[in-house]
Amino acid sequence: MTVYFIGAGPGDPELLTLKAARVIAECPVCLYAGSLVPEAVVACAPEGALVMDTAPMTLDETHGVIIEAHAKGQDVARVHSGDPSLYGAIAEQIRRLKVDGIDYQIIPGVPAYAAAAAALGTELTVPEVAQSIVLTRMSMKSTGMPAGETLENFARSGATLAIHLGIRALREIERQLVPYYGADCPVAVIYRVGWPDQLIIRGTLTDVREKVRAAKITRTALILVGPALGDSHGFPDSALYDAAKPHVLRPKLKA
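What counts as what
- Residues numbered from 1 in each chain as written.
- Predicted model: local features only at pLDDT ≥ 70, side-chain atom pairs only at ≥ 80, totals over all residues.
- Heavy atoms only, no water.
- Core = buried A, V, L, I, M, F, W, Y, C linked by side-chain atoms within 4.5 Å.
- Buried < 20%, exposed > 50% of the residue type's maximum accessible area, 1.4 Å probe, protein only.
- Helix = DSSP H or I, 4+ residues; strand = E, 2+ residues; numbered from the N terminus.
- Contact = heavy atoms within 4.5 Å.
- Salt bridge = Lys/Arg side-chain N within 4 Å of Asp/Glu carboxyl O.
- Phe/Tyr/Trp six-rings, centres within 6.5 Å; stacked < 30°, edge-to-face > 60°.
- Pairing = 2+ DSSP bridges.
- Axes fitted to C-alpha atoms, helices over the stretch in contact; angles between N-to-C directions.
- Parallel < 35°, antiparallel > 145°, perpendicular 65-115°, else oblique.
- Left-handed = near helix turned anticlockwise from the far one by under 90°.
- Nonpolar A, V, L, I, M, F, W, Y, C, P; charged D, E, K, R; others polar.
- Lys, Arg positive; Asp, Glu negative; His and termini not counted.
- Polar contact = N/O pair within 3.5 Å; in protein donor to acceptor, adjacent residues only side chain to side chain.

Draft legend 1. Seen up close, the nonpolar core. Within the largest apolar cluster, 26 residues are counted, with the highest numbers of intra-cluster contacts made by Ile163, Ile173, Leu177, Val189 and Val225. Every element with two or more residues in this core is listed here: helix H5 (151–155), strand S7 (160–164), helix H6 (170–181), strand S8 (186–191), helix H7 (208–215) and strand S10 (221–225). A per-element tally of this core places H6 first, with 4 residues. The contacts of Ile173, once residues within four sequence positions are left out, are Met138, Leu151, Ile163, Gly166, Leu205 and Ile223. If you look at the next biggest cluster of nonpolar residues, it comprises 19 residues, including Ala8, Val23, Ala33 and Val37.

Below you can see the structure in the form of structure tokens.
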């Protein structure tokens with residue numbers, strides 16, 4: 001049997017990849033993170049499949065279900081939100097699978113930051129404004145951050161920041177980022193991107209906290225920060241389609 005770690009995307013069932021939908025539809029056991037993955041995403045599980053919400057379960061409990069499936073020769077769809085390579089907590093699961101000699105595969109999914117950018121109708125890498133994206137998180141009550149991985153260090157680059165698990169730390173985010181990005185730096189908070197109740201709040205580093213408080217958002221939100229989110233009129237076109245800059249697939253025209 002095989003355990004398939006499946007990226008379910010941000011919440012919209014239509015953002016499942018074809019491969020992800022096919023595998024879920026074929027697996028007799030489906031474990032999904034119900035706090036972040038809506039039931040509609042796993043509705044394609046086969047009739048009679050064991051479908052379990054792992055939100056209230058421990059690592060030992062979920063692994064126990066996998067061990068039972070392994071004994072029966074049943075494939076398992078382990079469905080995570082977004083893309084499982086980012087804050088998917090799959091490394092600790094894979095470690096146990098390797099100890100028990102259980103095969104696994106990873107099926108990527110649409111990450112939240114990409115879905116958020118689509119919802120905002122914007123590009124996160126704008127020529128001569130920002131050409132890098134930093135995916136990070138606040139520690140809060142979760143596992144601590146490694147030394148050196150601080151917002152101040154990332155802010156020195158001027159890159160677009162995608163901050164997870166930070167909706168309760170907006171005051172601290174403002175304190176750390178204003179010295180580098182400025183008080184008026186654009187911020188977008190995207191609540192439950194891809195879900196029916198998706199909500200987008202735009203503001204600046206100094207006013208977004210009050211807007212979020214007024215909307216009573218306390219969890220399941222991604223925070224995007226950076227000048228690329230603002231009015232980008234006047235930025236230069238990229239060199240990608242510039243007729244004056246030939247490349248191997250678009251040779252220079254002969255005179």
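The discussion continues.
Draft legend 2. Here's a closer look at the pattern of salt bridges. This model, assessed by the stated rule, comprises 8 salt bridges. Of the charged contacts in the structure, one is a salt bridge between Arg175 and Glu172, with a shortest N-O distance of 2.6 Å. Of this pair, Arg175 and Glu172 both sit in helix H6, separated by 3 residues, roughly a single helical turn. Note on Glu172: relative accessible area 29%, which makes it partly exposed. The shortest N-O distance in the salt bridge between Lys211 and Asp207 comes to 4.0 Å. Its relative accessible area of 35% is what places Lys211 among the partly exposed residues. Overlapping salt bridges bring together Glu174, Arg209, Glu210 and Arg213 as one network.

Draft legend 3. Geometry of the packing of aromatic side chains. Under the criterion given, the structure shown has 1 aromatic pair. Geometrically, the ring pair formed by Phe5 and Tyr104 is edge-to-face, given 6.2 Å between the ring centres and 70° between the ring planes. Of this pair, Phe5 sits in strand S1 (residues 2–7) while Tyr104 sits in strand S5 (residues 103–107), and the two are 99 residues apart along the sequence.

Draft legend 4. Broad picture of the sheet that holds strand S3 (residues 50–53). As summarised here, the arrangement of the 5 strands in space is S3-S2-S4-S1-S5, forming an open sheet in which the pairing is parallel. With one partner strand each, in any of the chains shown, S3 and S5 form the two edges of the open sheet. Taking each pair of neighbouring strands and ignoring which way they run, the sheet shows an average axis angle of 15°. Bridge count for S1 against S5 is 5 bridges, and the pairing is parallel. Bridge pairing in S5 places Phe5 opposite Ile106. Across the face of the sheet, helix H1 (residues 18–26) comes into contact with S1, strand S4 (76–80) and S5 while running at roughly 140° to S1. Along the sheet face, helix H2 (residues 59–72) touches S1, strand S2 (29–32), S3 and S4 and points at about 165° away from the line of S2.

Draft legend 5. Broad picture of the packing of H2 against helix H3 (residues 90–99). Running from N to C, H2 and H3 point in directions that differ by 45°, and their axes come no closer than 11 Å. Taken together, H2 and H3 sit at an angle that is classed as oblique. Pair H2 / H3 crosses with right-handed handedness. For the pair H2 and H3, the contacting residues are Leu59, Asp60, His63 and Ile66 in the first and Glu92, Gln93, Arg96 and Leu97 in the second. The class makeup of the residues in the contact of H2 with H3 is 3 nonpolar, 2 polar and 3 charged.

Draft legend 6. Layout of the side chain of Asp83. The topology assignment puts Asp83 in the loop between S4 and H3. It turns out Asp83 is buried and unbridged, and the closest side chain with the opposite charge, Lys19, is 12 Å from it. For Asp83, the side chain forms a polar contact with the main-chain nitrogen of Gly109, separated by 2.9 Å.

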